[in-house]
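# Tertiary structure, described
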Amino acid sequence: MEVEGCQGKDGRGRGEFRRGREGRDDYHQHRYQDQRVSGKRHGGAQRKSGDRDVFSHGGEGEESGRGGYGGREWRRSERHPYRRHYHPYRRHHGQGHSGAQGYLAAGEEFSYGGRDGSSSGRGEKWRGGESPQQQHYHHQDERVSGQSWAQETPVACQGFRHDGEDVSDRVGYGGRGGGERGIRRRSPAASYSQAGPDLDRSSPAPDPVPNPIIRDMQTGRIPEQVPTVLSSPENMSRTVPVKRPDKGGQLCIRTVRLHVNHFPVRFNPHSIIRHYDIDVKPAEPKKNGRPEKISKSDLSVIRNKLFMDNPSQFPLSMTAYDGEKNIFSAVNLPEGKFMVQFSEGEDMKHRTYEFSIKLVSELKLCKLRDYLSRNLFSIPRDILQGMDVVIKEKPAKCMIPVGRSFHFAEHHADDDLGLGITVSRGIQYSLKPTVQGLALCLDYSVLAFRKRMPVLDFLMEHIRGFDLNNFNMFRRDVEQALKNLKVTVTHRITKQKYTIVGLTREKTRDLCFPLVDTDEGNAAPRPVFLVDYFREKHGRNILYLDIPCLNVSRSKRVNYLPMEFCVLAEGQIYPKEVLESLDEGRAGFLKRISLVRPKERARRIHDMVRSSDGPCSGEIIQNFGIEIDKNMTSVFGRVIGPPMLKLATTTGKEINVSVDKEKCHWNLVGKAVVEGRAVERWAVLDFTENDRFQWNRGQFVRKLIAKCRSLGMKMGEHLFYHCTVMKKLSNIDVLRELLEGLSNQAYKTKGHLQILICVMTRKDEGYKYLKWISETRLGLVTQCCLSNNIAKKGDQYLSNLALKINAKLGGSNVELIDRLPYFRGDSSVMFVGADVNHPGSRNKTSPSIAAVVATVNWPAANRYAARVRPQEHRKEKILHFGEMCLDLVRYYAFRNKVKPEKIVIFRDGVSEGQFDMVLNEELVDLKKAFLAVNYNPTITLIVAQKRHQTRLFPENERDGNVPPGTVVDTTIVHPFEFDFYLCSHYGNLGTSKPTHYYVLWDEHGISSDELQQLIYNLCFTFSRCTKPVSLVPPVYYADLVAYRGQMYHEAVIEGQSSVSTSFDERFFKLHTDLENAMFFV
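Since we're looking at a predicted model, the values are computed, not measured.

## Side note on the overall build of the chain
Of regular secondary structure, the chain possesses 19 helices and 49 strands. Relative to its full complement of 1081 residues, the chain shows a buried share of 57%. Contacts in the chain between residues far apart in sequence, at least 24 positions, make up 70% of those at least 6 positions apart. Only carbon and sulfur atoms are counted for the fraction: they give 46% of the accessible area of the chain, which is about 46400 Å².

See the structure below:
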């Protein structure tokens, strides 16, 4: 059957809208007129459909050859998995093809037309093969709007064009002015017919797919959002991020010209980077047969030696090495096995290593060009990885690599923090595909390092009062300061580094170890005193005989080193949190250096880009045909307006409040919170009984009551004021007994305590014990504060305390006057935040903590409930995401008598490489959980990223930051996916970091303007302060809850020695009285 679209009179007319009949035969159709233009009537569009499977005809044409039938979504039939339906959704101006799912049936075809309004151009025709996995693709020349075809070229396993594909050579159907009409031909065996898809080059992204995952899951299939080009059959079921729905936002109150630390990267698209896999192992394996692990430093030396010994075959300047298994080369390298002799030190025998090299792939940079120009929709990560290794080859040789950052080896005297610690300035960078092409995003980085210095000198600086003559008195401090650090030695020439395991039990003069005499063949080991060995072997006399040695043994190989011959290796980070606990003054100095103002930060970035040791210089990148522009990218930012806020007068009358124009702050002077909770049963637990610093306890209570009352909270007199000492915080059993006693005391007089105010002398490890006991065992809300802050910070500090207390007890501090954008007419919407908190890098066993929070009120959307669970160590995927969300939905329904119809999820803490996991594992898990209870809300999923390097520098601001509400969604964003940068806060310290929001899934069809304003408005609803925050509150709260869960784990492990496992969910389960309260703010 041939089906031909029809145009309306003068390009205008009424269209049709068809829907499957609910609860009836899936093959019946409804038809009714909908106000459409340019598409008067579709001829013969009878097709088969499932319930709620809809499509429409029409769409507005802008000019000749455009418009007509709008973009289509091609979708699998529920009854016939390999047949197609198409589904237009929110049609405007003939936007592009909207997301084909699955495969065509055998013999089934559809086509794309030629250039807009012209009689020539190139198009595409797709044809199904004999099996579902076979697809064919045909080119056309000199054709108009998808008619007959020439030069048939079948290509196996081709996917459909994806939702939002920008196609520049397509024609519309029957647009304004009478554009050419297309004809779609299909095989008689197919079960339906319809007009072919219309694509408009002016719209790079059509509307989102309306909930295909649920429909597919109802038929037992994995949710699909099919990859767009050159997708293999095994990847056809992977969902990919949605495309940008428009050309970016338009709304603003003003624009600002910005410089961004994105430096354009130019490359030769005809170049090829060869990727080689290498394997290095000793030529003679260990006698026990176990594989030997070779350190990164040794691997680098072995590689360099092979290449320098054979420069004609292995040119160093034409290759880049990642330090482990991969070499990338601009020229062909010989493959095979090569022998390399290498010695770890002057007094050590040479060892022979087998260096195997094998070509893995050829990375053609033309694929990267195609991706950046939107002709390829699958990101070539292998090419970006190769280019990243090439760019970091120079700084890796000249600077100290630390993760993704590089730091200069030399340190300035002004940067000395004392305690054997120094500040190190460096760079961190990443390669980003952007609208303007590939860009190097480079930022200024500051870290605290242990200085490269003799171990004994470090101990003298680092440990207060350290005395070698009384070493035993400081032994515990020494072990804590040195454990797991790396050292080099001075008694012989070697670059080898040793890791400190601990200290020897014996003093140096008494140390004895078994020595194997290699000259005696298989002779048994003989005991040798360490002092004699160093004198005879190295000609060194050990001076400090009455202190232990460093134990640097590995596996069963005993190795002791006298401290006087050891030097701390360079590049060892001193953790910021340890520095803060050790010395607040030095931690503050580090913070001040880190938080440089925008003008100074921009200057430092420019210096680093132009540095001869940096990633933008050197012959290596030139040999790969790569050139990096040393000027920042210029871009216009839009400043969107702040919302009007709702507060109350001191008499309880609601009032509208405008925020400050510059900072977007508001104050509570003469105002009250929207809904103040009555605080009738509260008490004070004061841990400052023996504190030398005397403060007025009675005045604090009176002022707190007065402040809460002035803000609209009816606060009565406290039930009791209990004084004790800080020492009780340190013992979890003593603290639990104390808290239980106070809770029972209150219950006997007036009932369960609403909140317990805890006053402390200082920040203390016992804080986590207090929170774990009160929140998981007693169901007791607590609010902690420091006596020093109470005395010095005055009224503002009390206001902040009052806001926290009100939020924890269920009050509402501030609300928006208008409903949130896009959802203004909706009756039930939920916002979800999700995050995972991981243990420190040195911790190898503790669980990661997953947290999910969700709003429980609408339309205010400022009250949250939380769920927290432990999961596998350093596992980023939230293992019980669906179950946790469903539990929150049930509470929402209990509270509001209706389930949320629409859900917006904000996911924190994931990088671009983990987007696939979020989409195809977490989202699928969520959908399955909802489907199991026959619940089908529409969902939008957004990632919020703070760990990125992008910085915005105003061009005309005098050393200032960008204003709150600044949005950038052009030039520096992804070429076609839906992301943007939003700086929602006022930066009065350092350089503001915008949050990078990345939309992965959208069933609501939210525009750029609507989403940006929605997120910005939400940032004004954070309950702890009177200003917009830098991160959307659902994510902010999820981060707080995940961190709280990590504290629970530490409390359980440190405080209860009998605990068998730290993964037991019972230790993390919130008390029933608190699981739906905002205890975490």
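## Some remarks on the pattern of salt bridges
Summed over all chains, the structure comprises 47 salt bridges. The partner of Glu 912 in a salt bridge is Lys 432, with the nearest N and O atoms 3.8 Å apart. Of this pair, Glu 912 sits in the loop between strand S44 (902-908) and helix H17 (915-932) while Lys 432 sits in strand S21 (residues 421-434), placing them 480 residues apart in sequence. Between Arg 762 and Asp 764 there is a salt bridge, with the nearest N and O atoms lying 3.6 Å from each other. Asp 764 gets classed as buried once you look at its relative accessible area, which sits at 18%. Salt bridges here are not isolated pairs; linked through shared partners, they connect Glu 600, Arg 603, Arg 604 and Asp 607.

## Focus: helix H16 (residues 881-896)
Taking 1.5 Å of rise per residue, the 16 residues of H16 would be expected to cover 22 Å, and the 22 Å separating its terminal C-alpha atoms lies within 8% of that figure. Within the span of H16, buried status applies to Phe 881, Gly 882, Met 884, Cys 885, Leu 886, Leu 888, Val 889, Tyr 891, Tyr 892 and Ala 893. Summarising the contacts, the buried residues of H16 are in contact with strand S41 (829-837), strand S42 (848-855), strand S43 (864-871), S44 and H17. Following H16 by one or two positions, Lys 897 adopts a phi angle in the positive range, close to 65°.

## A short note on the nonpolar core
Judged by nonpolar contacts, the single largest core of 149 residues is most densely connected at Trp 682, Phe 687, Phe 700 and Phe 831. If you tally residues by element for this core, the top one is helix H19 (residues 1033-1055), at nine residues. Counting residues in each nonpolar core, the second largest holds 56 residues, with Ile 391, Phe 406, Leu 440 and Leu 579 among its members.

## Focus on the sheet that holds strand S38 (residues 755-760)
Spatially, four strands are ordered S37-S36-S38-S39 in an open sheet, and the strand pairing comes out parallel. Looking at which strands have only one partner, the edges of the open sheet turn out to be strand S37 (721-723) and strand S39 (782-786). Across the sheet, the axes of successive neighbouring strands diverge by a mean angle of 20°, strand direction being ignored. Here strand S36 (residues 682-686) pairs with S38 via five bridges, running parallel. Pairing of Leu 685 across the sheet is with Cys 758, part of S38.

## Digging into the packing of aromatic side chains
One pass over the full model with this rule turns up 26 aromatic pairs. Centroid distance Tyr 533 to Phe 534: 6.1 Å. Interplanar angle 80°. Geometry classified as edge-to-face. Residue Phe 534 is classed as buried on the basis of its relative accessible area, which comes to 3%. For the ring pair Tyr 1016 and Phe 1020, a centre distance of 5.1 Å and an interplane angle of 75° mean the geometry is edge-to-face. Phe 1020 shares its class with Tyr 1016; the two are buried. Here the aromatic cluster, defined as three or more aromatic residues joined through ring pairs, consists of Tyr 864, Phe 1022, Tyr 1036, Tyr 1037, Phe 1079 and Phe 1080. The cationic tip of Arg 404 hangs over the ring face of Tyr 429; the distance from NZ or CZ to the ring centre is 5.7 Å. A cation over a ring is seen here: Lys 897 above Phe 894, with NZ or CZ 5.4 Å from the ring centre.

## Here we look at the environment of Arg 274
Along the polypeptide, Arg 274 turns up in strand S13 (residues 272-282). In the structure, Arg 274 is positioned 88 residues away from Glu 362 in sequence and 4.7 Å away in space, judged by C-alpha atoms. Discounting residues that sit within four places of it in the chain, Arg 274 has contacts with Ile 327, Phe 328, Ser 329, Ala 330, Val 331, Asn 332, Leu 359, Ser 361 and Glu 362. A distance of 3.1 Å separates the side chain of Arg 274 from the backbone oxygen of Ile 272, its partner in a polar contact. Side-chain polar atoms of Arg 274 contact the backbone oxygen of Ala 330, separated by 2.6 Å.

## Observations regarding the side chain of Arg 1044
Looking at the element boundaries, Arg 1044 is found in helix H19. Overall, the relative accessible area of 7% leaves Arg 1044 in the buried class. A distance of 3.0 Å separates a polar atom in the side chain of Arg 1044 from the backbone oxygen of Phe 1079. The contact partners of Arg 1044, leaving out residues within four places of it in the chain, are Tyr 767, Lys 771, Glu 775, Phe 1079 and Phe 1080.

## Description of the side chain of Ser 405
Structurally, Ser 405 can be placed in strand S19 (residues 405-407). Excluding residues that lie within four positions of it along the chain, Ser 405 makes contacts with Ile 400, Ile 427, Gln 428, Ser 445 and Leu 447.

## Description of the sheet that holds strand S40 (residues 815-816)
With antiparallel pairing, three strands are arranged side by side in an open sheet as S35-S34-S40. With one partner strand each, in any of the chains shown, strand S35 (654-657) and S40 form the two edges of the open sheet. Sheet topology note: the strand S34 (residues 645-648)/S35 ladder contains four bridges and is antiparallel. Bridge pairing in S35 places Leu 647 opposite Ile 655.

## Focus: the pairing of strand S15 (residues 326-329)
Going residue by residue along S15, you find Asn 326 and Phe 328 tucked away on one face and Ile 327 and Ser 329 tucked away on the opposite face as well. Pairing analysis gives four bridges linking S13 to S15, with the strands arranged antiparallel. Counted as the bridge partner of His 275 is Phe 328 from S15. Note: strand S14 (residues 319-321) against S15, three bridges, orientation antiparallel. Considered in S15, the bridge of Thr 319 is made with Ser 329. Connecting S14 to the next strand, S15, in antiparallel fashion are four residues, including Gly 323 with a positive phi near 90°.

What counts, and where the lines are drawn
Residues numbered from 1 in each chain as written. Predicted model: local features only at pLDDT ≥ 70, side-chain atom pairs only at ≥ 80, totals over all residues. Heavy atoms only, no water. Helix = DSSP H or I, 4+ residues; strand = E, 2+ residues; numbered from the N terminus. Buried < 20%, exposed > 50% of the residue type's maximum accessible area, 1.4 Å probe, protein only. Contact = heavy atoms within 4.5 Å. Areas by Shrake-Rupley, 256 points an atom, 1.4 Å probe, with all protein chains shown as cover. Salt bridge = Lys/Arg side-chain N within 4 Å of Asp/Glu carboxyl O. Expected span 1.5 Å × (residues − 1). Core = buried A, V, L, I, M, F, W, Y, C linked by side-chain atoms within 4.5 Å. Pairing = 2+ DSSP bridges. Axes fitted to C-alpha atoms, helices over the stretch in contact; angles between N-to-C directions. Phe/Tyr/Trp six-rings, centres within 6.5 Å; stacked < 30°, edge-to-face > 60°. Lys NZ or Arg CZ within 6 Å of the ring centre and 35° of its normal. Polar contact = N/O pair within 3.5 Å; in protein donor to acceptor, adjacent residues only side chain to side chain.

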